[in-house]
Amino acid sequence: MRTRGPVICVGTTTVDQVLEIDEMPRQAIKVTARHHFKRGGGPAATAAVACARLLQPVELWSRLGSDAEASFLCERLRHHGVGIDGVKCSGEMDTITAVVIVDRQGERFIVGHDHTDLPASPAHLPLQEIAKAGAVLADINWHEASLAVLNAAAAAEVPSVLDAEVTDPAVLFELARRASLPVFSEDGFALASAGAQPDTDGCEALSRRLGGMFGLTLGARGSLWWVDGALTLVPALPVSVLDTTGAGDVFHGALAAGLAEGRSVIDAARFASAAASLKCELGNGWDGMPERRAVEEAAARLDPLRVS
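Residues numbered from 1 in each chain as written. Predicted model: local features only at pLDDT ≥ 70, side-chain atom pairs only at ≥ 80, totals over all residues. Heavy atoms only, no water.

I'd love a proper account of the sheet that holds strand 10 (residues 181–184), names of residues and values included.
Two orientations exist for strands paired in a sheet by backbone hydrogen bonds: parallel and antiparallel. The strand order across the open sheet formed by 10 strands is 5-4-1-8-9-10-11-12-13-14, and the pairing between neighbours is mixed. The open sheet has two edge strands, strand 5 (83–90) and strand 14 (305–306), and neither has a second partner. One ladder, built from four bridges, connects strand 9 (residues 160–164) with strand 10; its direction is parallel. Pairing of Asp-163 across the sheet is with Val-183, part of strand 10. Strands strand 1 (7–11), strand 8 (135–139), strand 9, strand 10, strand 11 (214–217) and strand 12 (223–227) of the sheet are contacted by helix 7 (residues 247–260), whose axis makes an angle of about 160° with strand 8. (Pairing = 2+ DSSP bridges. Helix = DSSP H or I, 4+ residues; strand = E, 2+ residues; numbered from the N terminus. Contact = heavy atoms within 4.5 Å. Axes fitted to C-alpha atoms, helices over the stretch in contact; angles between N-to-C directions.)

The structure is reproduced here in structure tokens:
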């Protein structure tokens, strides 16, 4: 493993209240959970924990309140080997909490509370450290910080990954244009491409607007990549799913880790696909991250397919 520098993950950290049920209700009824857990979550934080588990040095830049939940999260992040010097705790603010409902098939439904009370300014972030990073990863939830970090990464020619989920269309496109490798969800792609199909024509058109390459995650079907004028499918690993919560975040973290190690985009995508697939099989939140050896072995079994 050759690492050029740490991965810097920028964005959201949450406390997840996880409720396990038998099946998702199809109407407004009262349901009793089989189990309840309190866990760490959030796109950037979960990606950072995945990086650490994959033996990649990692720093998290995020926002928390000054409450018991913030203390809980900081302790768990340190336990998992994530650097938190860039995590700011703000007085009189609540840490973001999400309720995660998971059924026996591993599918999940997430409800999080609004986080606009947390300070938006990224002024405390040591942007000069980005020049020494192997890669950066930003989510769309802390727009101001993600914009600053992606601009700094571009100036320093550091690879940057954007977790391009659904948000305000102008914000999504602004961030995606600045990332060297935006990775869209299916809904994010539909929003950014004005409803185009994820085929050769649709991907080529979006690439022209973005000015470069990008990825598109497809859940259990794997991921699509527009790189060097060609469309490539990287499959997911067939697994017995226990819990899909955080799988996308693990994918983005492992992708950034792979880029920090100097892997090509497609090779990093294979690495990320294996990590996310194994995470679905393991469940158990941050404590269920797959080990590097298992991810390497699984990635070796994934064969990318040139689509066009």
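Tell me about a nonpolar patch on the surface, residues and numbers included.
On the surface, a cluster of nonpolar side chains totalling about 250 Å² of accessible area is made up of Val-99, Phe-109 and Val-111. Among the secondary structure elements, Phe-109 is positioned in strand 7 (residues 108–112). (Patch = residues over 30% accessible without salt bridge, like charges linked within 9 Å, V, L, I, M, F, W, Y side chains within 5 Å. Areas by Shrake-Rupley, 256 points an atom, 1.4 Å probe, with all protein chains shown as cover. Salt bridge = Lys/Arg side-chain N within 4 Å of Asp/Glu carboxyl O.)

Residue-level account of the environment of Glu-59, with values.
Mapped onto the fold, Glu-59 is located in strand 4 (residues 58–65). Taking the C-alpha atoms as reference points, Glu-59 and Phe-109, separated by 50 residues in sequence, lie 28 Å from one another.

Could you give an account of the side chain of Thr-14, with specific residues and numbers?
Along the polypeptide, Thr-14 turns up in strand 2 (residues 14–20). Under the relative-accessibility criterion, Thr-14 is labelled buried at 7%. A polar contact is formed between the side chain of Thr-14 and the backbone nitrogen of Gly-42, at a distance of 3.2 Å. Excluding its chain neighbours within four sequence positions, the residues that come into contact with Thr-14 are Arg-39, Gly-40, Gly-41, Gly-42, Leu-73 and Ile-96. (Buried < 20%, exposed > 50% of the residue type's maximum accessible area, 1.4 Å probe, protein only. Polar contact = N/O pair within 3.5 Å; in protein donor to acceptor, adjacent residues only side chain to side chain.)

Describe the packing of helix 1 (residues 43–53) against helix 7, listing the residues and the values that go with them.
Working note: a packed helix pair is described by the angle between its axes plus the distance between those axes. Following both chains from N to C, one finds helix 1 and helix 7 inclined at 55°, their axes separated by 7 Å at the closest point. Relative to helix 7, the element helix 1 is oriented oblique. As for how helix 1 packs across helix 7, the hand of that crossing is right-handed. Only Asp-249, Val-250, Gly-253 and Ala-257 of helix 7 make contact with helix 1, whose side of the interface consists of Pro-43, Thr-46, Ala-47, Ala-50 and Cys-51. The residue inventory of the contact of helix 1 with helix 7, partitioned by class, reads six nonpolar, two polar and one charged. (Parallel < 35°, antiparallel > 145°, perpendicular 65-115°, else oblique. Left-handed = near helix turned anticlockwise from the far one by under 90°. Nonpolar A, V, L, I, M, F, W, Y, C, P; charged D, E, K, R; others polar.)

Give a detailed account of the packing of helix 3 (residues 143–156) against helix 4 (residues 169–178), specifying residues and quantitative values.
Across the interface, helix 3 lies against helix 4 with an axial gap of 9 Å and an inter-helix angle of 20°. Judged by the inter-axis angle, helix 3 sits roughly parallel to helix 4. Here helix 3 runs over helix 4; the crossing is left-handed. Each of His-143, Ser-146, Leu-147, Leu-150, Asn-151 and Ala-154 in helix 3 lies in contact with helix 4, whose residues at this interface are Val-171, Glu-174, Leu-175 and Arg-178.

Residue-level account of helix 2 (residues 68–79), with values.
When the terminal C-alpha atoms of helix 2 are compared, their 17 Å separation across 12 residues agrees well with the 16 Å that a helix rising 1.5 Å per residue should span. Listed in full, the buried residues belonging to helix 2 are Glu-69, Ala-70, Leu-73, Cys-74, Arg-76 and Leu-77. Mapping the buried residues of helix 2 onto a view down its axis gives an arc of 165°, with all of them on the same face. The outward face of helix 2, more than 90 degrees from its buried face, is lined by the exposed residues Ala-68, Ser-71, Arg-78 and His-79. Looking at the buried positions of helix 2, the neighbouring elements they touch are strand 2, strand 3 (35–41), helix 1, strand 4 and strand 5. A positive backbone phi angle near 85° is found at Gly-81, which sits one or two residues after helix 2. (Expected span 1.5 Å × (residues − 1). Arc of directions from axis to C-beta.)

Interpretation note: all reported values are geometric properties and have no functional meaning in isolation.
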